[in-house]
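# Survey of secondary and tertiary structure
Listed below are the residues making up each chain.
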Amino acid sequence: MLEVESLTTRYGSIAAVREASLAVQVGEVVCLIGPNGAGKTTLLASVAGLLRPAAGRVVFDGVEVTGWSPDRMLRAGLALVPEHRRIFADLSVRENLLVGGVTQRPARRIELLDEVVDLFPVLAGKLPVPAGYLSGGEAQQLAIGRSLMGDPRLLLMDEPALGLAPVLVDVVFDLIGSLRDAGRTLLVVEQNAQRMLEVADRAYVMRSGQIVTEGSANELADRDDLFDTYLGRAGTLA
Amino acid sequence: MIEVVQQVVDGLGRGGIYALIALGIALIFGVMHLVNFAHGELITVGAYTSYWLFNTDLDWWLVTPIVVVVAVLTSVVIEFVAFRWVRGASDFTMLMTSFGVHFVVQALFVMYVSANFRQFPRPGWIFNTVRVGGVSLEVFDLVVVSVTLASLLAVYWLLQRTLFGISLRAAAEDFDAARLMGIRSNRVIRGAFALSGLLAGVAAVFWLMRSGQASPTAGLTPMLKGVLAALIGGLGSLSGAVLGGIVLGLVEVLLISRLPGGIAGLTDGIVFLLIALLFVFRPQGLITVRHAERV
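Residues numbered from 1 in each chain as written. Chains lettered and ligands numbered in written order. Predicted model: local features only at pLDDT ≥ 70, side-chain atom pairs only at ≥ 80, totals over all residues.

Counting its secondary structure elements, chain A contains 10 helices and 10 strands. Computed over C-alpha atoms, the radius of gyration of chain A comes to 17 Å, within 12% of the 18 Å expected from 2.2 N^0.38 for 238 residues, which places it in the range of a compact globule. When its C-alpha atoms are laid out on the principal axes, chain A stretches across 50 × 40 × 35 Å. A total of 238 residues make up chain A; the buried ones form 47% of that total. Taking contacts inside chain A between residues at least 6 apart in sequence as the whole, the part at least 24 apart equals 67%. (Helix = DSSP H or I, 4+ residues; strand = E, 2+ residues; numbered from the N terminus. Rg over C-alpha atoms; globule rule 2.2 N^0.38 Å. Buried ≥ 20, exposed ≤ 12 C-beta atoms within 10 Å, placed from the backbone. Contact = placed C-beta atoms within 7 Å.)

Residue and element names in this part refer to chain A. Taken in spatial order, the 4 strands of this open sheet run β2-β1-β4-β5, and their pairing is antiparallel. Either end of the sheet is taken by a strand with one partner, and the two such strands are β2 (14-24) and β5 (63-64). Where strand β1 (residues 2-11) lies against strand β4 (residues 55-60), 5 bridges are found, and the strand directions are antiparallel. Counted as the bridge partner of Glu5 is Arg57 from β4. (Pairing = 2+ DSSP bridges.)

Our next topic: the interface of chain B and chain A. Taken together, the contacts link 19 residues of chain B with 24 residues of chain A. At the level of secondary structure, the elements contributing two or more residues to the side of chain B that touches chain A comprise α6 (163-173) and α7 (175-180) of chain B. The element best represented in the side of chain B that touches chain A is α6(B), accounting for 6 residues. A per-class count over the side of chain B that touches chain A returns 10 nonpolar, 2 polar and 7 charged. (Nonpolar A, V, L, I, M, F, W, Y, C, P; charged D, E, K, R; others polar.)

Moving on: the sheet that holds strand β8 (residues 185-190) of chain A. All names here are of chain A. Overall, mixed pairing links the 6 strands, which are arranged β6-β7-β8-β3-β9-β10 in an open sheet. The open sheet has two edge strands, β6 (78-81) and β10 (210-216), and neither has a second partner. Neighbour-to-neighbour, the strand axes of this sheet turn through a mean angle of 15°, independent of strand direction. Where strand β7 (residues 154-158) meets β8, 5 bridges bridge the pair, whose relative direction is parallel. By the bridge assignment for β8, Asp158 is matched with Val189. Here helix α7 (residues 166-181) sits on the sheet and contacts β3 (29-33) and β8; the angle it forms with β8, its principal contact strand, is near 160°. (Axes fitted to C-alpha atoms, helices over the stretch in contact; angles between N-to-C directions.)

Residue and element names in this part refer to chain B. For helix α9 (residues 220-233), which comprises 14 residues, the first-to-last C-alpha distance of 20 Å matches the rise-based estimate of 20 Å (1.5 Å per residue) to within 8%. For α9, the buried fraction is high: 11 of the 14 residues fall into the buried class. Turning to α9, its buried residues are Pro222, Met223, Lys225, Gly226, Val227, Leu228, Ala229, Ala230, Leu231, Ile232 and Gly233. Of the surrounding elements, those touching the buried residues of α9 are α1 (2-32), α2 (41-55), α8 (185-211), α10 (238-258) and α11 (267-281). (Expected span 1.5 Å × (residues − 1).)

Okay, the environment of B:Val144 next. Residues and elements named next belong to chain B. Locating Val144 in the fold gives a position in helix α5 (residues 139-161). Here the alpha-carbon distance between Val144 and Pro121, two residues 23 residues apart in the chain, equals 18 Å. If sequence neighbours within four positions are ignored, Val144 has contacts with Gly13, Gly16, Ile17 and Phe206.

On to the environment of B:Met1. Residues and elements named next belong to chain B. Residue position: Met1 is located in the segment before α1. Owing to 7 C-beta atoms within 10 Å, Met1 belongs among the exposed residues under this scheme. In sequence terms Met1 and Val69 are 68 residues apart; their C-alpha atoms lie 41 Å from each other.

All names here are of chain B. Orientation of α2 relative to helix α4 (residues 91-112), taken along the N-to-C sense of each, is 15°, at an axis distance of 10 Å. One way to sum up the angle between α2 and α4 is to call them roughly parallel. In this structure, α2 crosses over α4, and the sense of that crossing is left-handed. Contacts from Glu41, Thr44 and Tyr48 in α2 reach Val101, His102, Val105 and Phe109 in α4. By residue class, the composition of the contact of α2 with α4 is 4 nonpolar, 2 polar and 1 charged. (Parallel < 35°, antiparallel > 145°, perpendicular 65-115°, else oblique. Left-handed = near helix turned anticlockwise from the far one by under 90°.)

Residue and element names in this part refer to chain A. Burial analysis of β7 places 5 of its 5 residues in the buried class, which makes it a mostly covered element. Both faces of β7 are covered, namely the face carrying Leu154, Leu156 and Asp158 and the face carrying Leu155 and Met157. Pairing between β6 and β7: 4 bridges, direction parallel. The partner of Leu80 across the bridge, within β7, is Leu156. Where the polypeptide runs from β7 across α7 and back to β8, its parallel neighbour, the crossover connection is right-handed. (Right-handed = clockwise from strand over helix to strand, strands pointing away.)

The following block contains the structure:
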């Protein structure tokens, strides 16, 4: 579904991502793990069109989409839940969701709104509330719900558990599990490698801008050397 | 007491015009972080449009809609010709571009029309007064206040109730996040310039009805007042821009009427002093804007 081929993205003269390649198949949950500053966010932003790669290719559903703008990527079926959520704090919860569905026909937008509210019952009672008043966990659910309003076939998530209290981290991982069970295709960036490997099918490990290892989630979860060298144990990096 | 009511209505009339201009500046700042010093050119273009139209013997009732439409088109054209090419550049680059547009438009009028003032007739009713409960009020102020109020309500409705308006607010808050939702940069920015042009067009009509003249620098003063009002309100906040405009108008009228004759000419200086004081205590302006950081 998604193929990233030797992608390089630079900030000025510094290559934050160097010749990274990865692939996501339909129905898979793939995670991208690695320490802070490894280039994970840059890689997702380059795929979603927020950053323009300096070299390499992004192919989505067999079509080359390298350098497409984010709105065009969304119309093609790829959405990104950005790092730090980036919900619209001054807009109400309902307005946030409506903006998420801006690419949809009016009737479909309302349908999707109902679906998202069913999926995130906490949002149901807060539709008229300015999103800036939501708690971290609610805001994360809104951020994911807002991206689902675009009816994407592939959902990219950047650190969905970042900055959340431990109990809410559980909520987010349960949510990723339920999206997986509903047959969604996901590519998730996460620092909490142990937890992420429990819900993912496959994983890529990134470090210093490069993808250093890949494999099935089970296989990587058992590799102590990886955790010692790159990832650390849960709690030491979070 | 009566005098205060008159001054407040006068201040609201003046402030309403500032509010319309400031709201347009805040809208554009919101979606592209540009302080548009070329915003006044919409009023300059409106002024010459009025002048030419009066030469063909049109009446204000016909001139008004044409000036508004011309302001909208000018705004969209300026975006397309100038600002589109520096989108995403540093704030400083965009600021310089807006100065560039300001001087180019001014130079075009000097070169192809004239550096001199061109007069056109003001509508006959603007100095009429009506007596309401013992208070004598200028008809013009009442018209400005009611049209401004209607325009602001219409814009409020547009921003709150339509998907375009909600998208515009989303883009003003976090442009990249809005793009991730599928909002097209070109469309939302063009929309912001069109709306901003519409507001400037309405403001231009009132400004010109009162001044009755066109010159290459006709838009300079209203633009500066609009930028000031937007700054007072907290640049980027739409409600702040409206509030800032009205506060600025009221303060100016109160100062002009209260200052002793000898120093009334210092009104603008005192206004700037007050604004400087405001920023000492509230550097973010009257209304605080939460801006999300960019990637």
